[in-house]
Amino acid sequence: MSQKIVVTGIGATTPLGGDVQSTWRALLAGESGISTLEQPWVEQYQIPVTFAGQAKVKAKDVLSVPETKRLDPSSQFALIASREAWADAGAPEVQPERLAVEFATGIGGVWTLLDAFDTLKEHGPRRVLPMTVPMLMPNGPAAAIGMDIAARGGVRTSVSACASSTEAIANAITRLQSGEIDVVVAGGAEAAIHPLPIAAFASMHALSRKNDNPASASRPYDVARDGFVMGEGAGALVLETEAHAKARGAKIYAELVGGAVTSDAHHITAPDPEGAGAARAVSAALKQAGAKPEEVVHVNAHATSTPVGDIAEYVALKRVFGDHLKNIVFSATKSSTGHLLGGAGAIEAIFTVLALHERVAPPTINLDNQDPEIPLDVATSPRKLPDGPLLAISNSFGFGGHNAVIAFRSYN
Amino acid sequence: MALSQAEVLSGLAEIVNEETGIDTSSVQLDKSFVDDLDIDSISMLTIVMNAEGKFGVTIPEDEVANLKTVGDAVSFITNAQ
């Protein structure tokens, strides 16, 4: 890459905590953010999956009343995460025209859309809120952040299901390499713990049915895994050219050294069992990083806890890393957070950055009986990473055959 | 029982506050929604909709443009009850 890109700010709101520090501490402590849904609609509609990873801190407890009324929950989470990241970066002085946003969502304003349809059916068109369209549009979270920090260098939204926010971070590299942009706020948000998405994901047998023990339900690589667990929240990273960060004396967490996006053209939902597309994404991200596969010490895996997905990712990684795979420390953090869909890649990017910064791979919980078909070295308690320069990747894959991979180096 | 003008003003100020964050004490009869309170058209439409629900009145779409000030809206709602 022609100029170095660094991470100078991180922010998140997740099922584990309302900010990065509380989330990270809970993750290292091996906590689960998954719990039973107490909402009346679970019973009302006989939703077959009765648990999820709900945001630990409610957005309405953080934002003002007008913000909660004018923003879909996905945009609310986005704003909370981006404000934390921006403050963490020291609220950089940057020309608005050289400040951009790359912020993703998988589904968009699903609460707004479906609430508005309910209103239309029950009360007629005169009661449909005038803010409905800007609230439901998938670029709503990105636009809300852009307004909040006065970003005039372009505000974009990648939508590639569960790969969305990793793709957004990869896209930020292109913006920063163009020479036209100094700072990008990148990440993703999701707020889809709504009866319809849960019923729909359950209908396709994508979700775990471990209703009796929600905290144990998200169990990547375990033989008893039976589907993913929906989560909600957001993650945001302030990405900046190294030159810009150094000029203002910013603290630097890690270097973003590569990002790549590929597609399978294999099946709308099933992963390519050969893992060719996912492997190409890993290889391309490493190539952009100027790195050999043997340099990778840590992977934050996509690992959603579905029976076929976890194996497909292993097969793909085996293609790239071969025998070196046994030397890599894996973390499957969805075991604690659940799957934030369009927000997943963003919080996992933050976990990867912190793993490098603090030299510790976070634990994977619920791995009681590892699938012999996935013989990876998985950290089940916080695992110290070695001294010296470190390279790590974070993978995200999405319905539609989307593969996105980003690579970070430790920064000294 | 119909609400008094003061009660309508108080209720309207609450709606404006919830939608925009503007302090209820700033919502006074002589204030212009656009020039004084800086309320955009989409917020104005939302305020009108919420006022219809709260006060049980109908504010026709072609009437909204005539509601320049808080006083205009309070008078319309008070008379329409």
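Residues numbered from 1 in each chain as written. Chains lettered and ligands numbered in written order. Predicted model: local features only at pLDDT ≥ 70, side-chain atom pairs only at ≥ 80, totals over all residues. Heavy atoms only, no water.

## Describing the interface of chain B and chain A
Here is step 1: Across the boundary between the two partners, chain B contributes 16 residues, which contact 11 residues of chain A.
Here is step 2: Buried area between chain B and chain A, summed over both chains or domains, comes out near 1100 Å², and the portion from carbon and sulfur atoms is 53%.
Here is step 3: The largest contributions to the chain B side of the interface with chain A come from Glu18, Ile42 and Met49 of chain B, which together make up 48% of the buried area.
Here is step 4: At the surface where chain B touches chain A, the tally comes to 5 salt bridges.
Here is step 5: A salt bridge links Glu18 of chain B to Lys69 of chain A; its shortest N-O distance comes to 3.1 Å.
Here is step 6: Put simply, chain B and chain A have 5 residue pairs in polar contact (both at pLDDT 80 or more) between them.
Here is step 7: Elements with a contribution of two residues or more to the side of chain B that touches chain A: helix H1 (5–20) and helix H2 (41–55) of chain B.
Here is step 8: Examining the composition of the side of chain B that touches chain A, we find that 7 residues originate from one element, H2 of chain B, more than from any other.
Here is step 9: Class assignment for the residues of the side of chain B that touches chain A results in 4 nonpolar, 7 polar and 5 charged. (Contact = heavy atoms within 4.5 Å. Buried area = accessible area lost by both parts, 1.4 Å probe. Salt bridge = Lys/Arg side-chain N within 4 Å of Asp/Glu carboxyl O. Polar contact = N/O pair within 3.5 Å; in protein donor to acceptor, adjacent residues only side chain to side chain. Helix = DSSP H or I, 4+ residues; strand = E, 2+ residues; numbered from the N terminus. Nonpolar A, V, L, I, M, F, W, Y, C, P; charged D, E, K, R; others polar.)

## Regarding the packing of helix H4 (residues 73–88) of chain A against helix H7 (residues 140–149) of chain A
Residue and element names in this part refer to chain A.
Here is step 1: The N-to-C vectors of H4 and H7 enclose an angle of 40°; their axes lie 8 Å apart at closest approach. Taken together, the axes of H4 and H7 are oblique relative to one another. Considering the relative orientation of H4 and H7, their crossing is right-handed. Within the contact between the two elements, H4 uses Ser74, Ser75, Ala78, Leu79, Ser82, Arg83 and Trp86 and H7 uses Gly140, Pro141, Ala144, Ile145, Asp148 and Ile149.
Here is step 2: Of the residues belonging to the contact of H4 with H7, the class tally is 7 nonpolar, 4 polar and 2 charged. (Axes fitted to C-alpha atoms, helices over the stretch in contact; angles between N-to-C directions. Parallel < 35°, antiparallel > 145°, perpendicular 65-115°, else oblique. Left-handed = near helix turned anticlockwise from the far one by under 90°.)

## Side note on the pairing of strand E15 (residues 402–410) of chain A
Residues and elements named next belong to chain A.
Here is step 1: Counting buried positions along E15 yields 8 of 9 residues, so the element is predominantly enclosed.
Here is step 2: In this sheet, E15 lies alongside strand E8 (residues 254–263) in antiparallel orientation, the contact comprising 9 bridges. The residue bridging Ala254 from the neighbouring strand is Ser410, located in E15.
Here is step 3: Sheet topology note: the strand E14 (residues 391–398)/E15 ladder contains 8 bridges and is antiparallel. In the sheet register, Ala392 faces E15, and the bridge partner there is Phe408.
Here is step 4: In sequence, E14 turns back onto E15 through a hairpin of 3 residues, with Gly400 there showing a positive phi of about 110°. (Buried < 20%, exposed > 50% of the residue type's maximum accessible area, 1.4 Å probe, protein only. Pairing = 2+ DSSP bridges.)

## Regarding the confidence of the model for chain B
All names here are of chain B.
Here is step 1: With 99% of its residues at a pLDDT of 70 or more, chain B has an overall mean of 94.
Here is step 2: Of all the helices and strands in chain B, helix H3 (residues 61–64) carries the lowest mean pLDDT, 90, while helix H4 (residues 70–80) carries the highest, 96.
Here is step 3: On the interface metric, ipTM, the complex scores 0.83, and its pTM is 0.96. (pLDDT = per-residue confidence, 0-100.)

## Description of the environment of Gln177 of chain A
Here is step 1: Structurally, the position occupied by Gln177 of chain A is in helix H8 (residues 164–177).
Here is step 2: Among the polar contacts listed, one links the side chain of Gln177 of chain A to the backbone oxygen of Gln3 of chain A, at a separation of 3.0 Å.

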